[in-house]
Amino acid sequence: AREPDSALKSAKARGASLRIHYKQSREVTHAVTGMKLLKAIRYLEDVLEYKQIVPYTKFTGGCGRHAQAKNFNASGSQARWPQKATKAVLGLLNNALANAETKGLDTEKLVISHG
């Protein structure tokens with residue numbers, strides 16, 4: 001695992017032995033890496049409601065094409081709405097949010113740096 005530069009200014013959450021596919025979880029985490037935490041939570045909630053889509057960049061074999069993927073400039077418009085992996089990552093983000101609030105950090109400024 002990667003350690004943050006300052007433990008006082010960061011919050012962590014970790015999942016182990018999650019019953020989700022690696023390939024789907026990789027695409028979901030890469031989609032939210034670099035986003036602010038609250039924006040990422042809203043994004044994943046929209047994915048669960050089919051309002052936004054997760055672009056697939058690496059594991060695209062057999063992946064269908066969708067018009068929503070054009071918003072993300074996904075190669076070949078390949079994207080999906082991975083429900084189970086999205087719920088697992090959303091749970092981890094909510095856990096990180098709770099850990100940040102416990103530490104007294106400003107939740108508006110939190111950024112996801114390692115997926």
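One structure accompanies this document, and this report is about it.

### Details of the packing of aromatic side chains
Next, step 1: One pass over the full model with this rule turns up 3 aromatic pairs.
Next, step 2: Look at Tyr22 and Phe59: their rings are 6.2 Å apart centre to centre, the planes differ by 75 degrees, and that puts the pair in the edge-to-face class. You can see Tyr22 sitting in helix H1 (residues 22-32) and its partner Phe59 sitting in the loop between strand S1 (54-55) and strand S2 (79-80), a full 37 residues away along the chain.
Next, step 3: You can call Phe59 partly exposed: its relative accessible area is 23%.
Next, step 4: Their ring planes at 65 degrees and their centres at 6.0 Å tell us that Tyr43 and Phe72 sit as a pair that is edge-to-face. Taken together, the residues span a long stretch of sequence, with Tyr43 in helix H2 (residues 37-48) and Phe72 in the loop between S1 and S2 at a distance of 29 residues.

### Thoughts on H1
Next, step 1: Restricting attention to buried positions, one finds in H1 the residues Ser25, Arg26, Glu27, Val28, Thr29, Ala31 and Val32.
Next, step 2: Those residues of H1 hidden inside the fold are in contact with H2, S1 and helix H3 (83-103).
Next, step 3: Downstream of H1 by one or two residues, Gly34 has phi in the positive range, about 95 degrees.

### What about the nonpolar core?
Next, step 1: The biggest cluster of nonpolar side chains holds 22 residues, and the ones touching the most others in it are Val32, Leu37, Tyr43, Leu44, Val54 and Leu93.
Next, step 2: Mapped onto this core, the elements with two or more residues apiece are H1, H2 and H3.
Next, step 3: Look past the residues within four positions of Val32 in its chain and what remains in contact with it is Ala40, Tyr43, Leu44 and Ile112.

### Re the side chain of Thr86
Next, step 1: For Thr86, the location among the structural elements is in helix H3.
Next, step 2: With relative accessibility at 0%, the residue Thr86 sits in the buried group.
Next, step 3: Of the polar contacts made by the side chain of Thr86, one reaches the backbone oxygen of Pro82; its length is 2.4 Å.
Next, step 4: Setting aside residues up to four positions removed in sequence, Thr86 forms contacts with Val28, Leu44, Val47 and Leu48.

Cut-offs and rules
Residues numbered from 1 in each chain as written. Predicted model: local features only at pLDDT ≥ 70, side-chain atom pairs only at ≥ 80, totals over all residues. Heavy atoms only, no water. Phe/Tyr/Trp six-rings, centres within 6.5 Å; stacked < 30°, edge-to-face > 60°. Helix = DSSP H or I, 4+ residues; strand = E, 2+ residues; numbered from the N terminus. Buried < 20%, exposed > 50% of the residue type's maximum accessible area, 1.4 Å probe, protein only. Contact = heavy atoms within 4.5 Å. Core = buried A, V, L, I, M, F, W, Y, C linked by side-chain atoms within 4.5 Å. Polar contact = N/O pair within 3.5 Å; in protein donor to acceptor, adjacent residues only side chain to side chain.

The quantities given are spatial measurements derived from coordinates; they are silent on function.
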